[in-house]
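Structural description and commentary
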Amino acid sequence: MADILTLVFRTFMSQTDVKKELTVTPPPSPSTCGTLVVGEHSISRSVLLLAAVTAASELGMRVMFFTQTQIQSLPVSLQKCVPSLSPESLKKIKFSYPRTVEELLQQVASLHEPTNTSPTPPSLIIVDRLEGYLCGPGGGSSSGFHPGEQSCAAHLSALLYDSAAFLTQLLKQRSSSLAPCRLIASFQSEVDSGQAGGDSATDPILDVLDRYFQMRCTLDRDSSYQAAAAGLQEVWHIYLSGTGITDASSAKDCGDRPGVAQEWQLSIFPDGLMEFKLV
């Protein structure tokens, strides 16, 4: 959900930026909306983990985090951003490690079961690296994709949205302040150019995902000389686009990127610290 990501960016804004009219309260949101984070998985995972930690610590949300790769410890960047993260907040995040798309489908479907909804249902579902579940081992060209993968992408997306809608209804009944249930997933395309506003039709799986996820968060690395000269380890441009942006106060008109409503810059320092800046 774009409001969660915007909350993350605002919470960890550069201290030199003026934070007028910025709070840690998410804006009103529709009943069900999902955000697809598109870009290099090393940085997208950090963004997803920041979203999980922020939702749990700042908003008191229960978070369901699906990933194929077991998380032994929090990344250095996350430890730098949240040095005093409480164990109580971490307990609100449940990590699950389905290895295959079949296992992921089964575990997402199990979110309907009472064991996963008591005492409080999850308010945020996160799926790390969809490509690991949807893309076969066939190389990095478009010829490596198969119709079955597109069908599977549609099936998984529909099930995620169905589960989020179901949990939203439970949240409204039990704790309206935690509704709706948000959905965030990441995807690194094998054929995506990595540029915001690029033609996603070149990747059949990404094209299918875009039909379900109303919001796109595109991560675009800045490899310019200025970024290196500033003494930063990495600089990323973050473009939020789609129908789910509800914070009109920070929306902007990007003439060269007509579909982009918000643009942020992420600076990663040599010690791992991450800072965001509204462009």
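Notes on the structure follow. Source: prediction; values computed, not measured.

1. Points about unusual backbone geometry
That bond from A179 to P180 is cis: its omega, 0°, falls within 30 degrees of zero. As for its placement among the helices and strands, P180 is situated in the loop between α7 (147-174) and β5 (182-187). Positive phi outside glycine occurs at R129, with the angle close to 60°. Inspection of the secondary structure assignment puts R129 in the loop between β4 (124-127) and α6 (130-134).

2. What to know about the side chain of E131
Within the secondary structure layout, E131 lies in helix α6. At a separation of 3.0 Å, a polar atom in the side chain of E131 contacts the main-chain amide nitrogen of Q188. Residues within four places of E131 in sequence aside, it is in contact with H41, S186, F187 and Q188.

3. Considerations on the pairing of β5
In terms of burial, β5 is largely enclosed, as six of its six residues are buried. The alternating pattern of β5 places R182, I184 and S186 and L183, A185 and F187 on opposite faces, both of which are buried. In this sheet, β5 lies alongside strand β1 (residues 34-38) in parallel orientation, the contact comprising five bridges. Paired with G34 across the bridge in β5 is L183. In terms of strand pairing, β4 meets β5 through four bridges, oriented parallel. Note on β5: the bridge partner recorded for I126 is I184.

4. As for the packing of aromatic side chains
Tallied over the entire structure, the rule returns four aromatic pairs. Relative to W264, the ring of F9 lies with its centre 5.4 Å away and its plane at 55°, an arrangement referred to as tilted. With F9 in helix α1 (residues 2-11) and W264 in strand β8 (residues 260-268), the pair connects residues that are 255 residues apart, well separated along the chain. Accessibility classification places F9 together with W264 in one group, the buried group. With centroids separated by 5.2 Å and ring planes inclined at 50°, the aromatic side chains of F65 and F95 adopt a geometry described as tilted. Of this pair, F65 sits in strand β2 (residues 63-66) while F95 sits in strand β3 (residues 93-96); the two residues are 30 residues apart in sequence, bridging distant segments of the chain. For F65, a relative accessible area of 0% puts it in the buried group. A residue is classified by how much of its surface remains accessible, and F95, at 26% relative accessible area, is partly exposed. Ring pairs connect the aromatic residues F9, W264 and F276, which therefore count as one cluster.

5. Some remarks on helix α8 (residues 204-212)
Along α8, the residues that are buried comprise P204, I205, L206, V208 and L209. N-cap assignment for α8: the residue whose side-chain oxygen lies 3.0 Å from the backbone N of I205 is D203.

6. Overview of the side chain of T218
Along the polypeptide, T218 turns up in strand β6 (residues 215-221). Classification of T218 as buried rests on a relative accessible area of 4%. Side chain to side chain, T218 and R216 meet in a polar contact 3.5 Å long.

7. Looking at the pattern of salt bridges
Enumeration according to the criterion identifies six salt bridges in this entry. D128 is paired through a salt bridge with R45; the nearest N and O atoms lie 2.9 Å apart. Separated by 83 residues along the polypeptide, D128 in the loop between β4 and α6 and R45 in helix α2 (residues 41-59) bring together distant segments of the chain. Residue D128 is classed as buried on the basis of its relative accessible area, which comes to 1%. Taking relative accessible area as the criterion, R45 reaches 18% and is therefore assigned buried. One salt bridge connects E103 with R99, and the closest N-O pair in it is separated by 2.9 Å.

Parameters and conventions
- Residues numbered from 1 in each chain as written.
- Predicted model: local features only at pLDDT ≥ 70, side-chain atom pairs only at ≥ 80, totals over all residues.
- Heavy atoms only, no water.
- Helix = DSSP H or I, 4+ residues; strand = E, 2+ residues; numbered from the N terminus.
- Polar contact = N/O pair within 3.5 Å; in protein donor to acceptor, adjacent residues only side chain to side chain.
- Contact = heavy atoms within 4.5 Å.
- Buried < 20%, exposed > 50% of the residue type's maximum accessible area, 1.4 Å probe, protein only.
- Pairing = 2+ DSSP bridges.
- Phe/Tyr/Trp six-rings, centres within 6.5 Å; stacked < 30°, edge-to-face > 60°.
- Salt bridge = Lys/Arg side-chain N within 4 Å of Asp/Glu carboxyl O.

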